[in-house]
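Here is how the chains run, residue by residue.
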Amino acid sequence: MKRLLILLVLAVFATAGIAHAEPLKLLTWKGYAPKQLVEKFEKETGIKVEVTYSNNEEMIAKLRATRGAGFDLAQPSQDRISSVQAAYKLYQPIDYSRIESALFIPSMLEAVKKNTLVDGNSHAVPFCWGTSGLIVNSEKASGATSWKALLDEKNKGRVSYRLKRPTIIAMGFALGYDPFDLYADAAKYQEMLNHIEKTLIDAKPLVKNYWANGDALLESMRSGEVFVAMAWDNGGWKLHAENAAIDFVAPEEGALGWIDTFAIPAKAKNVDAAYKWINFMMRPENAGLFTSEEAVPTASAGANQHVKPEVRANFERSFPPATIDNIKWYPPVPAQLEAMEGKTLDKVKAAN
């Protein structure tokens, strides 16, 4: 009887522990936590996932405001970590002994370790990658194969892009610079920014809208309001499935390549859940489902066999070997340059 009583007490405590398990508070991009995978994770672990959608600038702002508190896991781009970490200490070092490294493509794992190294510690692991380029309606804007299409008078009133730093980088390449080569020279980078500022202000009559919401951009392309846009590859592929005349185009100067990561904020409460989510999402069957749903490739080794054939076809169509070789991958951005870019964007926004 005494043994039975002990077992019943232990069972009650175990049940209470599950019922009151700390949630996983995830700060991520829209689409990075598909409902099907969230539900699967919650069922497997008993941990509820609370998702807050954001972007690079907002992630930094939110974590700076709380000094790294309020979230258990964030998903910044790898080029937006090292300078922020050096200045504000927003993230904690990754404990790679808790990462199932066999789940990752080795080269991508090592690259992110290197690019997020601060004070002898690395602060992220890769999740997914993709590119920014052009989405083009070839029936309305034939021959749009360069970033210069965003500045072409023949597309007047039918152009769209974000007023964010990727547009600055794209405009730099369009105007004949290599922005990444200028990272080490702030004075020359400012000269480029001055040229870009004037160009974007002069180009305002060409712009239908400065998009902030990806869904709204896609609707503008569907309706014919916009002929040429700067956007992510998967957005172009979604539209191509609906209308063969619209597709993603890697600009001849090179698409801009990004890697989004997993990083654990400095004051995360549920670190155990964060590591569980990382390993869960990188399992090939889960990463493959994510790619099939969002048309975004991951750093998961072996995920391709779980990706829908029609999604694989997008990569083959848009990224032949020479195009992949021409991708311009974002290196870590110096904090000083981000501040300079912000001033440029503010001036463009304010100009009439």
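Just so we're clear, the structure is a prediction, and the values are computed from it rather than from any experiment.

Another point: helix H10 (residues 271–282). For H10, spanning twelve residues, the distance from its first C-alpha to its last is 17 Å, which sits close to the expected 16 Å at 1.5 Å a residue. Extensive coverage of H10 is indicated by the burial of ten of its twelve residues. Residues Val 271, Ala 273, Ala 274, Tyr 275, Trp 277, Ile 278, Asn 279, Phe 280, Met 281 and Met 282 constitute the buried set of H10.

In this section: the pattern of salt bridges. Evaluation of the coordinates by the stated rule reveals 16 salt bridges. Put simply, Lys 89 and Asp 119 hold a salt bridge, and the shortest N to O gap is 2.8 Å. Taken together, the residues span a long stretch of sequence, with Lys 89 in the loop between helix H4 (82–88) and helix H5 (106–115) and Asp 119 in the loop between strand E4 (117–118) and strand E5 (121–122) at a distance of 30 residues. For Asp 119, a relative accessible area of 63% puts it in the exposed group. Put simply, Glu 44, Arg 283 and Glu 285 are held in one network by salt bridges that share partners.

Leu 37, Val 38 and Phe 41 are the residues of helix H2 (residues 35–45) that are buried. With its buried residues spanning 105° around the axis, H2 presents them on a single face. Along H2, the residues that are exposed and aim more than 90 degrees away from the buried face are Lys 35, Gln 36 and Lys 43. The inward-facing, buried residues of H2 contact strand E1 (24–28), strand E2 (49–53), H10 and helix H11 (284–294). One or two steps after H2, the chain reaches Gly 46, where phi turns positive at roughly 75°.

It is worth spelling out the packing of H2 against H10 at this point. Remark: H2 packs on H10, axes separated minimally by 11 Å, with the N-to-C direction vectors making an angle of 125°. Considering the angle they form, H2 stands oblique to H10. The chirality of how H2 crosses H10 is right-handed. Every residue of H10 that contacts H2 at Leu 37, Val 38, Lys 40, Phe 41 and Glu 44 is listed here: Ala 273, Lys 276, Trp 277, Phe 280 and Met 281.

In low-pLDDT regions, the fine details of the predicted coordinates are not to be read closely. Per-residue confidence for the chain gives a mean pLDDT of 93; residues scoring 70 or more make up 94%. With pLDDT under 50 throughout, residues 4–19 is counted as low confidence; its partners more than four residues away or in other chains account for one contact.

Within a regular beta strand, the side chains point alternately toward one face of the sheet and then the other, so they alternate between its two faces. Among the 13 residues of strand E6 (residues 125–137), 13 are classified as buried, and the element is accordingly described as predominantly covered. Note: E6 against strand E11 (residues 256–262), seven bridges, orientation antiparallel. Bridging across to E11, Pro 126 finds its partner in Thr 261. Bridge count for E6 against strand E9 (residues 228–232) is five bridges, and the pairing is antiparallel. Across the sheet, the residue bridging to Ile 135 is Ala 229, located in E9.

Backbone geometry places Lys 89, a non-glycine residue, at a positive phi of 55°. Among the residues examined, Lys 89 registers a relative accessible area of 41% and is labelled partly exposed. In this model, Ala 295 sits at a positive phi of 55°, which is unusual for a non-glycine residue. Mapped onto the fold, Ala 295 is located in the loop between H11 and helix H12 (309–318). Given the relative accessible area of 8%, Ala 295 is considered buried.

In space, the three strands of this open sheet follow the order E2-E1-E3, with parallel pairing throughout. At either end of the open sheet lies a strand with only one pairing partner, and these are E2 and strand E3 (73–74). Bridging between E1 and E2 involves five bridges; their strand directions are parallel. Considered in E2, the bridge of Thr 28 is made with Tyr 53.

Per the stated rule, a full pass over the model turns up 20 aromatic pairs. Here Phe 127 and Phe 262 contribute two aromatic rings whose centre-to-centre distance is 5.0 Å and whose plane-to-plane angle is 55°, an arrangement assigned as tilted. One end of the pair, Phe 127, is in strand E6; the other, Phe 262, is in strand E11, with 135 residues separating them in the sequence. Among the aromatic residues, ring-to-ring pairing joins Trp 29, Tyr 32, Phe 127, Trp 211, Trp 232, Phe 262 and Phe 290 into one connected group. In this structure, Arg 64 packs its charged tip against the face of Tyr 88, placed 3.9 Å from the ring centre. Looking at Lys 113, its charged tip hangs above the ring of Tyr 96, at a distance of 4.4 Å from the centre.

Here we take up the environment of Ala 287. Along the chain, Ala 287 falls in helix H11. Residue classification places Ala 287 among the buried residues on the basis of a relative accessible area of 0%. For the pair Ala 287 and Leu 206, spaced 81 residues apart in the sequence, the C-alpha separation amounts to 39 Å. Once you skip the residues sitting within four places of it in the chain, Ala 287 turns out to touch Met 281, Met 282, Thr 298, Ser 300 and Ala 303.

Procedures and definitions
Residues numbered from 1 in each chain as written. Predicted model: local features only at pLDDT ≥ 70, side-chain atom pairs only at ≥ 80, totals over all residues. Heavy atoms only, no water. Helix = DSSP H or I, 4+ residues; strand = E, 2+ residues; numbered from the N terminus. Expected span 1.5 Å × (residues − 1). Buried < 20%, exposed > 50% of the residue type's maximum accessible area, 1.4 Å probe, protein only. Salt bridge = Lys/Arg side-chain N within 4 Å of Asp/Glu carboxyl O. Arc of directions from axis to C-beta. Contact = heavy atoms within 4.5 Å. Axes fitted to C-alpha atoms, helices over the stretch in contact; angles between N-to-C directions. Parallel < 35°, antiparallel > 145°, perpendicular 65-115°, else oblique. Left-handed = near helix turned anticlockwise from the far one by under 90°. pLDDT = per-residue confidence, 0-100. Pairing = 2+ DSSP bridges. Phe/Tyr/Trp six-rings, centres within 6.5 Å; stacked < 30°, edge-to-face > 60°. Lys NZ or Arg CZ within 6 Å of the ring centre and 35° of its normal.

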